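# Residue-level structural notes
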Amino acid sequence: MNKKIYVSLIFTFLFFILSCTERPRYSTHTYLVMGTLLNVTLPEDYNTYADSVFKIFALVDTLMNPLNPNSDVYRLNHSSGKGVKVHKWTADCIRKAVEIAELTRGAFDPTVGGIVHLWHFDEQGKYVFPDPDSVKKYIHLVDYRKIKIKGDTVWLGEGQSITLAGIAKGYAVDLAVFFLKEHGVRSGIIDAGGDLFLLGDKNGKSWNVGVRDPVTKGVREVISVKDRSVCTSGSYERFVEYKGKKYSHIFDPRTGYPVSNGVLSVTVIYNKATYADALATALFVLGPKRAMEIVENIKGLDAYIITEKEIFKSSGINRYVK
């Protein structure tokens, strides 16, 4: 499954192209949180809110990190079959994860936590290739339909474990954007290890974002957006190699194995980072043709998919291409 085992900025597939003449009006504050670098770029008059954004991310990490014994997700994973009262943010994030799982027919599934742990992909630098029998054992536990949510109480199926690594950063981005807008901030950038939200515009002009070429590491395309999230999932820098074959860190919840379908990166543009984050992973798993079928059926959603052989663009992507 995802990306989304909290990654550092080195795995970011996007970077900003900002106008030098206007740069003095903004300042960027950098923090380390959720296993990645968080860059908060705000107009200088609103600098004090950068720390508040960091605190939002820190709280989401505290609630949703499956390795933290005090987190909601840890408590859920060790109480499968029983109802667990969780923070309202955790319940809401799980609810949205299930929604995306239904939309993608399981290409995104938060109950893949056991598989992720089996491969040790939740512990950076400790990846292993498990034996097939172990994968078969855990794949039977992957089923988002067994999750039950009532208010702020969540039930997992017996033996299930969840991970919100493929959606939690996007969820934190949306919380931060809501906070900034509530406090009068109308322009800025939140970059959580490549999960971006370009708030408003910059002096009436769109923000320019470079889509990275996975092969040359240069800029494949420049897209221009206003008040949109841009999230990317990619496979070419984090992987495990076994018997001469590379497997990405992005899991297919339907098979229990990392994806190996020729997709190198998926960039999603949407008005909510929570959905852009999770859908970038799901579309990666599905492959370009099935992915584009889903994209074209969701109003306002666009995608840019780079594979080993060709590039796939949604019908609405040209409105963003600079």
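The following refers to the structure shown. If you're wondering where the values come from, they're calculated on a predicted model, not measured in any experiment.

## Focus on the overall build of the protein chain
- Secondary structure summary: the protein chain contains eight helices and 18 strands in total.
- Buried residues in the protein chain amount to 58% of all 322 residues.
- Approximately 13,900 Å² of the protein chain is accessible, and the part contributed by carbon and sulfur atoms is 51%.

## Concerning unusual backbone geometry
- In this model, arginine 105 sits at a positive phi of 55°, which is unusual for a non-glycine residue.
- In this fold, arginine 105 is placed in the loop between helix 3 (88-103) and helix 4 (113-118).
- With phi around 55°, asparagine 203 is a residue other than glycine that occupies positive phi space.

## Observations concerning the environment of asparagine 271
- Position of asparagine 271 relative to the elements: it lies in the loop between strand 16 (263-270) and helix 7 (273-286).
- Taking the C-alpha atoms as reference, asparagine 271 lies 7.5 Å from glycine 300; in sequence the two are 29 residues apart.
- Beyond its immediate chain neighbours, meaning those up to four positions away, asparagine 271 contacts Phe197 and Arg228.

## Observations regarding the sheet that holds strand 16
- If you walk across this open sheet you meet the eight strands as 2-3-7-8-11-16-17-18, and the pairing is antiparallel. Of all strands in the sheet, those bounded by a partner on one side alone are strand 2 (26-33) and strand 18 (311-313). Looking at each pair of strands side by side, their axes are set apart by 10° on average, direction ignored.
- In this sheet, strand 7 (residues 187-192) lies alongside strand 3 (residues 36-43) in antiparallel orientation, the contact comprising four bridges.

## Comments concerning the nonpolar core
- Within the largest apolar cluster, 75 residues are counted, with the highest numbers of intra-cluster contacts made by Leu38, Phe57, Met64, Leu164, Ile190 and Leu283.
- The greatest single-element share of this core, amounting to eleven residues, is contributed by helix 7.
- Excluding its chain neighbours within four sequence positions, the residues that come into contact with leucine 164 are Met64, Val73, Cys93, Ile94, Ala97 and Pro110.
- Among the nonpolar cores identified, the runner-up in size contains 15 residues, and Leu196, Leu198, Val209 and Ile223 belong to it.

## Re the sheet that holds strand 5 (residues 148-150)
- Here we have three strands laid out as an open sheet, ordered 4-6-5, and antiparallel in their pairing. What marks the edges here is a single partner per strand, and that holds for strand 4 (83-85) and strand 5. Adjacent strand axes in the sheet meet at a mean angle of 25° when their direction is disregarded.
- In this structure, strand 5 lies alongside strand 6 (residues 153-155), joined through three bridges in antiparallel fashion. Looking at strand 6, one finds that lysine 148 is bridged to tryptophan 155.

## Regarding the pairing of strand 11 (residues 228-234)
- By the criterion of burial, strand 11 is predominantly enclosed, with six of the seven residues buried.
- Both strand 8 (residues 195-200) and strand 11 contribute to a ladder of three bridges, which runs antiparallel. When the sheet's bridge partners are listed, phenylalanine 197 is paired in strand 11 with serine 229.
- Bridge count for strand 11 against strand 16 is six bridges, and the pairing is antiparallel. Within strand 16, the residue paired with serine 233 across the bridge is valine 266.

Conventions and cut-offs
- Residue positions are given per chain, counted from 1 along the sequence in the order it is written.
- Local features are withheld for residues below a pLDDT of 70 in this predicted model, meaning they are given only at 70 or higher, and side-chain atom pairs are given and counted only at 80 or more; totals for whole chains, interfaces and linings count all residues.
- With hydrogens and water set aside, each side-chain value is computed from the structure's full complement of heavy atoms.
- Segments assigned H or I by DSSP are reported as helices when at least four residues long, segments assigned E as strands when at least two residues long, and all are numbered from the N terminus.
- For the exposure calls, accessible area comes from a 1.4 Å probe over protein chains only, and a residue counts as buried if that area is under 20% of its type's maximum, exposed if over 50%, partly exposed in between.
- Using a 1.4 Å probe, the Shrake-Rupley method yields the accessible areas, and only the shown protein chains count as cover for residues.
- Here, two residues are considered to be in contact whenever any of their heavy atoms come within 4.5 Å of each other.
- Two strands make a pair as long as DSSP finds a minimum of two bridges between them.
- Orientation is described by lines fitted to C-alpha atoms, with helices fitted over the stretch in contact, and by angles between N-to-C directions that extend from 0 to 180 degrees.
- Remark: nonpolar core denotes a set of buried residues (Ala, Val, Leu, Ile, Met, Phe, Trp, Tyr, Cys) joined through side-chain atoms within 4.5 Å.

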